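Given next are the chains, with one letter for each unit.
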Amino acid sequence: MSTLLDGLNPNQREAVTTLEGPLLIVAGPGSGKTRVIVHRIAYLVREAGVSPYRICAVTFTNRAAREMLERLQRLLGAQAEHLTCGTFHAFCAGILRREGKAIGLASSFTIYDEEDQRAVLKRAVEEAGFDPKRYNLSTIHHAISGAKARLLGPEGYQAHAHTYLEQVIAQVYQRYQTLLTQSQAVDFDDLLLLTYQLFRDHPQVLHKYQERYLHLLIDEFQDTNPAQYALAKQVAGKWRNICVVGDPDQSIYSWRHADIRNILDFRKDFPDCKIVYLEENYRSTPPILQAAEGVISANTQRIAKRLVPVRTGGAPIVLHEAYNEDEEASWVAGEIERLVRSGVARYRHCVVLYRTHAQSRALEEAFLRHGIPYRVVGAIRFYRRREVKDLLAYLRLLVNPADTISLQRVVNTPPRGIGQKAQDALLRHAQTLGKAPAEVLLQEGEGIPLSGPPLSALRRFADLLRRLTPLAHSLDLVALMDIVLEETGYKEWLLAQEDGEARWENLVELRGLASEFKDLPPPQGLLTFLERVSLVSEQDELEGQQDVVTLLTLHQAKGLEFPVVFLVGLEEGVLPHYRSLDTPEEIEEERRLLYVGMTRAQERLYLLRAFRRHLAGGSQPTLPSRFLQDLPPQVVRGAPPAQARPTPPPTPSKAPPPPFKTGDRVRHARFGEGLVVAISPSGNEHEVTVQFDLAGVKRLLYPIAPLERVG
DNA sequence: GTACTACTGATTTTT
DNA sequence: TCAGTAGTAC
Ligand SMILES: Nc1ncnc2c1ncn2[C@@H]1O[C@H](COP(=O)(O)OP(=O)(O)OP(=O)(O)O)[C@@H](O)[C@H]1O
């Protein structure tokens, strides 16, 4: 009966059995946070008699959601199916599908991925009258995404736009949003923002969900953004049974606008909240935990937490310095071989973690040489492959003719003689009619200012669309895919391409994935499939069964645990990454990334660095990561720590004072231009506080940060 | 309109 | 080092 509480310590029990009111759980890695969420849900259902239908659990990744559901299925059986369990994005997508009408969004709306968003953005920049080459699309995209994460629509952003660049962005944002709306499409951030606005402006819709969700639970709360927190407050507004779980030291997504201040705000917004601390670590051996503590305690912007290992004994951390990345990889491969041969571990117990995907290459080569089975959770995601996106674009277009980006993608793929000029004519014509281009084609297609071969090519394409569109509503998904591939000539064309066979295989695989949805009634199967494809990424498919070594980025490793962990590339420029060296905040986040990586390990932890590494062309000498200095020597075996602490980065003993003063305008390679607010000496450097036009206030170390005076 | 070549420019992390 | 693009030739 109370087996649910048996495997829990007193604090965990308290967190599981405190059912009423707001609850904040703050705890370090391996302290059982996720376990508490799972058991709390099971307890709510089994002991408190709460209907699973009335519980909503939010996770950080789809994979985490699936794992949580699997664990709950074991505890609750079939009842678990009625739980709502997913990421904020998936949760919002579902709400918008059902309730979007209220804000003018058709239930067949399309979710644009990064690439699609960029295409829209480029067009928005042009249409707003700016030269897309003069503005960095990534900067603008990041700014718009940041605005949305802070719940600012175009008008709201405009109101805060002071500098010229911000004004430009405000106009582009406005245009970008119009284009999305016209295409009945949303980007990732819109999923959150639009749901928030829907709830805000349509109380009757909000009430429905407020009433339903008696309990809301949020995992990895330290990596939520303001929009997500606002949504959580809306949904929990009626019952106020909101339970959030997080660890500020594991916050590693601030670049995606996550904000740890949500934890502080939670205490302010719910002053009656109960706070539970979990202070026992069940995962790692004491040396691993001690080493990780050593690293994280060097962060200044942090509140120390107690974290006591439950386990005893344990091997010391192994530090290894290799000559270059190839030898680093070989060493890892050799060590894994040794562990497996001696029966200490199996392949599937080992994981190799790195800062960037590019680092996986040397490892893969070494594993191939050594005949070690492995799996990389890659950067080139399956669903982003050209041929996969082409087919998906055809499918999207059939359910959402307003989707102009998809139309542009497929209208001349395979080549049909509809070039840039014909496409422009169609787009312009549609614009004057106030309709979507594909709708113009579907309806009559007359009046397009074209003649001759381009016009007949366009007419043939219109016929194709007219033939295929009704099939989306009558055929099952797999049959539909087959017909589309045949009728569009895509299959034939693809197979005639250079690497056509291999790319065709990807479509066969996609078809296999789609078969899961083939039994849903016609348009539903397609809609569900398209949504899944937009929200699910490859690492969500991480299956634990096969006996292979796993290769992951540090970000992907969040929330996982492995008996044996190898962390490679512990060098200045790699970890901390050279693109994250400019502000103390960025460097602290890099340090947290290392902390997250180290605390994945249960039994054995290896830290590696290479003396030389391939960067931008040639092989270059490296310096050991500054974070290695903070490893307590008594828990480390391997290269003497003294070696790991030559002078911190390339700082000459006395740096020159900055050639600017408070009030001057300066330029930074990444943050753009801004105003110097303060300068103060800091060690050998000067800490310069700059109010950037776009990037906000940053503290930078001159001359480490590339700042130059302008004007 | 299409296909190829030569050049440029920029290099993190992802729901 | 390489990928994406702009420009050119057919
Ligand atoms: N009371 C307990 N008794 C035994 N094992 C426990 C207990 N609590 C947690 N564990 C184990 O500790 C490990 C870590 O738990 P869990 O993944 O829930 O921690 P977490 O706090 O979510 O970690 P992280 O923040 O690093 O993701 C798991 O293997 C879990 O089974």
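Residues numbered from 1 in each chain as written. Chains lettered and ligands numbered in written order. Predicted model: local features only at pLDDT ≥ 70, side-chain atom pairs only at ≥ 80, totals over all residues. Heavy atoms only, no water.

Bringing the overall build of chain A into the picture now. A tally of helices and strands in chain A yields 26 helices and 23 strands. Compactness check: chain A gives a C-alpha radius of gyration of 27 Å against a globular reference of 27 Å for 711 residues, within 12% of the reference. For chain A, contacts bridging at least 24 residues in sequence account for 74% of all contacts bridging at least 6. By element, 52% of the accessible surface of chain A is carried by carbon and sulfur atoms, the whole surface being about 30,500 Å². (Helix = DSSP H or I, 4+ residues; strand = E, 2+ residues; numbered from the N terminus. Rg over C-alpha atoms; globule rule 2.2 N^0.38 Å. Contact = heavy atoms within 4.5 Å. Areas by Shrake-Rupley, 256 points an atom, 1.4 Å probe, with all protein chains shown as cover.)

Attention now moves to the site of the ligand. Close to the ligand lie 18 residues; Gln12, Lys33, Thr34, Arg283 and Glu561 are nearest. The backbone of serine 31 places a nitrogen or oxygen atom 3.3 Å from an oxygen atom of the ligand. Threonine 34 places a side-chain nitrogen or oxygen 2.8 Å from an oxygen atom of the ligand. For the ligand, whose unbound accessible area comes to 640 Å², protein coverage reaches 83%. Ranked by the residues each element gives to the shell around the ligand, the list is headed by helix α3 (residues 33-46), at three residues. A per-class count over the shell around the ligand returns three nonpolar, 10 polar and five charged. No fewer than three residues from each of domain 1 (3-99 + 193-278) and domain 3 (296-380 + 542-637) sit in the shell around the ligand. (Near = heavy atom within 4 Å. Polar contact = N/O pair within 3.5 Å; in protein donor to acceptor, adjacent residues only side chain to side chain. Nonpolar A, V, L, I, M, F, W, Y, C, P; charged D, E, K, R; others polar. Domains from an automatic or database assignment.)

Tracing the backbone through its elements, the reader meets glutamate 588 in helix α26 (residues 584-598). Among buried Asp, Glu, Lys and Arg side chains, glutamate 588 stands out as unpaired, with arginine 592 the closest opposite charge at 4.6 Å. Looking at glutamate 588, its side chain comes within polar contact range of the main-chain nitrogen of threonine 300, at 2.9 Å. Dropping the residues within four chain positions of it, glutamate 588 is found in contact with Asn299, Thr300 and Gln301. (Buried < 20%, exposed > 50% of the residue type's maximum accessible area, 1.4 Å probe, protein only. Lys, Arg positive; Asp, Glu negative; His and termini not counted. Salt bridge = Lys/Arg side-chain N within 4 Å of Asp/Glu carboxyl O.)

Time to look at helix α19 (residues 420-433). With 14 residues, α19 extends 20 Å from end C-alpha to end C-alpha; this agrees with the ideal 20 Å at 1.5 Å per step. Looking at α19, one finds that the buried residues are Ala422, Gln423, Ala425, Leu426, Leu427, His429 and Ala430. On the buried face of α19, the contacting elements are α6 (114-127), α18 (404-410), α20 (437-442) and α21 (452-471). Taken from the residues just after α19, glycine 434 is the one with a positive phi, measuring 70°. (Expected span 1.5 Å × (residues − 1).)

Evaluated as defined, the whole model comprises 15 aromatic pairs. For the ring pair tyrosine 394 and tyrosine 490, a centre distance of 6.4 Å and an interplane angle of 75° mean the geometry is edge-to-face. Residue tyrosine 394 is located in helix α17 (residues 386-399), and its partner tyrosine 490 is located in helix α23 (residues 490-495); the two are separated by 96 residues in the primary sequence. When its relative accessible area of 3% is taken as the criterion, tyrosine 394 is described as buried. Under the relative-accessibility criterion, tyrosine 490 is labelled buried at 1%. Where phenylalanine 566 meets tyrosine 606, the ring centres are 4.4 Å apart and the plane angle is 10°; that geometry is what we call stacked. In this pair, phenylalanine 566 sits in strand β15 (residues 562-567) while tyrosine 606 sits in strand β16 (residues 601-615), placing the two residues 40 residues apart along the sequence. Owing to a relative accessible area of 3%, tyrosine 606 belongs among the buried residues under this scheme. Joined through ring pairs, the aromatic side chains of Phe221, Tyr229, Phe266 and Phe270 make up one cluster. Above the plane of the ring of tyrosine 53 lies arginine 212, whose end atom (NZ or CZ) is 3.7 Å from the centre. (Phe/Tyr/Trp six-rings, centres within 6.5 Å; stacked < 30°, edge-to-face > 60°. Lys NZ or Arg CZ within 6 Å of the ring centre and 35° of its normal.)

This next bit is on the sheet that holds strand β7 (residues 242-246). Within the open sheet, the six strands sit side by side as β3-β2-β6-β7-β1-β8. Their pairing is parallel. A single partner strand is all that each edge strand has here, and the edge strands are β3 (84-87) and β8 (274-278). Between one strand and the next, the sheet's axes are offset by a mean angle of 15°, whatever the strand orientation. Here four bridges tie strand β2 (residues 55-59) to β3, and the two strands are oriented parallel to one another. Counterpart to valine 58 in the pairing with β3 is glycine 86. (Pairing = 2+ DSSP bridges. Axes fitted to C-alpha atoms, helices over the stretch in contact; angles between N-to-C directions.)

Okay, unusual backbone geometry next. Trans peptide bonds make up the majority, and among non-glycine residues the majority have a negative phi. Each neighbour pair has its own omega, and for threonine 413 with proline 414 the value is 0°, a cis peptide bond. Relative to the helices and strands, proline 414 is located in the loop between α18 and α19. Residue proline 576 is reached from leucine 575 by a cis peptide bond, and omega for that bond is 0°. The residue proline 576 is located in the loop between β15 and α26 in this model.

This part takes up the environment of lysine 148. Within the secondary structure, lysine 148 sits in helix α7 (residues 137-149). The exposure class assigned to lysine 148 is buried, which follows from its relative accessible area of 1%. As a C-alpha pair, lysine 148 and leucine 193 span 45 residues in sequence and 6.2 Å in three-dimensional space. Apart from the residues lying within four places of it in its own chain, the contact partners of lysine 148 are Tyr173, Tyr176, Gln177, Leu180, Asp187, Asp189, Asp190, Leu193 and Ala227. Reaching out from lysine 148, the side chain makes a polar contact with the side chain of aspartate 190 at a distance of 2.9 Å.

Taken N-terminus to C-terminus, the directions of helix α14 (residues 286-296) and α26 make an angle of 175°; their axes are 9 Å apart at the nearest point. Classified by the angle between their axes, α14 and α26 sit roughly antiparallel to one another. Contact with α14, carried on its side by Ile288, Ala291, Ala292, Glu293, Val295 and Ile296, involves Arg591, Arg592, Leu594, Tyr595 and Met598 of α26 and no other residues of that element. For the contact of α14 with α26, a count of residues per class yields eight nonpolar, no polar and three charged. (Parallel < 35°, antiparallel > 145°, perpendicular 65-115°, else oblique.)

On to the pattern of salt bridges, then. Following the criterion strictly, the structure yields 46 salt bridges and no others. The closest approach of N and O atoms between aspartate 269 and lysine 233, which form a salt bridge, is 3.1 Å. In this pair, aspartate 269 is assigned in helix α13 (residues 261-269) and lysine 233 in helix α12 (residues 226-235), connecting sequence segments 36 residues apart. Judged by relative accessible area, which is 36%, aspartate 269 ranks as partly exposed. As a salt-bridge pair, aspartate 272 and arginine 240 come within 3.1 Å of each other at their nearest N and O atoms. Taken as a pair, aspartate 272 in the loop between α13 and β8 and arginine 240 in the loop between α12 and β7 lie far apart in primary sequence, 32 residues in all. According to the relative accessible area criterion, aspartate 272 is partly exposed, its value standing at 47%. One continuous salt-bridge network, built from bridges that share partners, spans Asp113, Glu115, Asp116, Lys389, Asp390, Arg396 and Arg409.

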